[in-house]
2 protein chains.
Amino acid sequence: MGYKHNKEEILEVGYQVIRKNGYHHVGINQILKEAGIPKGSFYNFFESKEDFAKQVIQYYGEGNRSWLKGIFQESIETPINTLKSFYKLLIDYNEEDNFCSGCLINNMGNETGRLYDVLAKETKEQFDQWLDLIADVVRKGQEAGEITDRFSPTEISNYLHSGFYGTFFKMKVERSREDMDTWLAMTFEFINA
Amino acid sequence: MGYKHNKEEILEVGYQVIRKNGYHHVGINQILKEAGIPKGSFYNFFESKEDFAKQVIQYYGEGNRSWLKGIFQESIETPINTLKSFYKLLIDYNEEDNFCSGCLINNMGNETGRLYDVLAKETKEQFDQWLDLIADVVRKGQEAGEITDRFSPTEISNYLHSGFYGTFFKMKVERSREDMDTWLAMTFEFINA
DNA sequence: TCAAAAATAAACCGATTGGTCTAATTTAGA
DNA sequence: TCTAAATTAGACCAATCGGTTTATTTTTGA
């Protein structure tokens, strides 16, 4: 409160740095340097590196959830096109840093899923809340007869987002959106009613 | 040749350890300990940690390619069922260690894609060679009228395997095969002719 | 206005990192 | 059989790791 350093600014730096470099590859010192704070201040805000990472995941998860809510509410397209535009936006977003970072949640889940109960749990929690929002749009699409009803909204939203996560592998090793665009076209043809 | 330590044994240990723990989270000392070799021997075989990881990727990529060739050649099922059984086998394989490790190639691509040109290149190379083998089966499935021909063999094999990679996220944070099984059922209904 | 609490600042800590060095041992080929 | 090369062995290195400590400054509320 009115103090020199701002917790949210540190979390934002942490988001950027960890998203790009991963959890284990990033040291506290790098965070300190990029955020411009001394170590004492960091450990005043956060109990440990793991606690910091957990709060970064929360910060990003919640921010992204608000963003998601907004674009779904304000969309003037039909449900299926709302979803397709949403994934196109995500691909565009990844193009901005030359396809080298991917998604913090996907990265964290894959990197620390096995090792850190705390981080895996937080990761899953944020992911699940995103999926609920996506599932709502899928349900509307099914009610409108646009999206296949051979599978439930939960199954389809899961299928969509995990499929999207799968494209990050080739995106990163090829530094290209080609595969993501193909995935988008194929998936939305498949889930068509 | 006939010396005390065997390079392939060290690579196998490296595969197990790095697949499970990731690249940055694993130190040389851990490899030495688990492989039972002193540091001097390690650096006699490998130039650096990065060189070691590269050879681990090659070792695993080539081994897996042989395995893939074998099960595709020996399969007595139709092409589409050969593929479905193949992915079921992969899920079963991940169940063996309680869904905590995933695929070395996917892990490496996601973790080091941005950071290490050497490792990303090797990862992509091995992946591409797997995909060629899968694409051959897809082509046969299309010729047999089992698999949709709305997309090319390359597009479909890419779609299959990147979709499979996408399921690793939830597998790891939930330690469950539920999502993978659902993905399998949905995907093979979608690519049906 | 002033004392208690909160936040800032950086020196410092032991443990571990990837990697080097030197010496001893084992192997291969002349 | 003997020498040169390859391999084994682990002590050693500077740098970095996550984290603690102590002292100072800033803020807060009585």
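Provided above is the structure to which this section pertains.
It should be emphasised that the depicted structure is a prediction, and the values quoted were computed from it without experimental measurement. (Residues numbered from 1 in each chain as written. Chains lettered and ligands numbered in written order. Predicted model: local features only at pLDDT ≥ 70, side-chain atom pairs only at ≥ 80, totals over all residues. Heavy atoms only, no water.)

Further remarks concern the nonpolar core. Judged by nonpolar contacts, the single largest core of 118 residues is most densely connected at Tyr87 of chain A together with Tyr87 of chain B. Non-local contacts of Tyr87 of chain A, meaning those with residues more than four positions away in its chain, are made with Ile134, Leu160, His161, Phe164, Trp183, Leu184 and Phe188 of chain A. (Core = buried A, V, L, I, M, F, W, Y, C linked by side-chain atoms within 4.5 Å. Buried < 20%, exposed > 50% of the residue type's maximum accessible area, 1.4 Å probe, protein only. Contact = heavy atoms within 4.5 Å.)

Below, the discussion takes up the relation of the copies chain B and chain A. The transformation that overlays chain B on chain A combines an axial shift of 0.0 Å with a rotation of 180°, and the residual RMSD is 0.0 Å. Such values leave the two copies arranged in the relation of a two-fold axis. When C-alpha positions in chain B are compared against the rotation axis, the closest is assigned to Gly166 of chain B, at 1.7 Å. Mapped onto chain A, 100% of the interface residues of chain B are again interface residues, and the two copies thus contact each other with one and the same surface. (Least-squares fit on C-alpha atoms with pLDDT ≥ 70 in both.)

Residues and elements named next belong to chain B. Within the element layout of this structure, Arg19 appears in helix H1 (residues 7–21). Its relative accessible area of 6% is what places Arg19 among the buried residues. There is a polar contact of 2.5 Å between the side chain of Arg19 and the backbone oxygen of Gly102. (Helix = DSSP H or I, 4+ residues; strand = E, 2+ residues; numbered from the N terminus. Polar contact = N/O pair within 3.5 Å; in protein donor to acceptor, adjacent residues only side chain to side chain.)

Below, the discussion takes up the interface of chain B and chain A. Accessible area lost during the coming together of the parts is what is often quoted as the interface size. The interface of chain B with chain A comprises 45 residues on the first partner and 45 residues on the second. In this assembly, chain B packs against chain A so that about 4,200 Å² is buried in total across both faces, 62% of it on carbon and sulfur atoms. The interface formed by chain B and chain A includes six salt bridges. Counting every contact that joins chain B to chain A gives 18 residue pairs in polar contact (both at pLDDT 80 or more). The biggest single contributor to the side of chain B that touches chain A is helix H8 (residues 153–174) of chain B, with 14 residues. Of the residues that constitute the side of chain B that touches chain A, the class distribution is 17 nonpolar, 15 polar and 13 charged. (Buried area = accessible area lost by both parts, 1.4 Å probe. Salt bridge = Lys/Arg side-chain N within 4 Å of Asp/Glu carboxyl O. Nonpolar A, V, L, I, M, F, W, Y, C, P; charged D, E, K, R; others polar.)

What follows concerns the pattern of salt bridges. Scanning the entire structure with this criterion turns up 24 salt bridges over all chains. One salt bridge connects Glu174 of chain A with Lys170 of chain A, and the closest N-O pair in it is separated by 3.4 Å. You can see Glu174 of chain A and its partner Lys170 of chain A sitting in helix H8 (residues 153–174), four residues apart, about one turn around the helix. What makes Lys170 of chain A buried here is its relative accessible area of 7%. Between Asp128 of chain B and Lys124 of chain B there is a salt bridge, with the nearest N and O atoms lying 2.6 Å from each other. One end of the pair is Asp128 of chain B and the other is Lys124 of chain B, both in helix H7 (residues 117–143) and four residues apart, which spans about a single turn. Taking relative accessible area as the criterion, Asp128 of chain B reaches 23% and is therefore assigned partly exposed.

Just distances and angles here, no functional claims.
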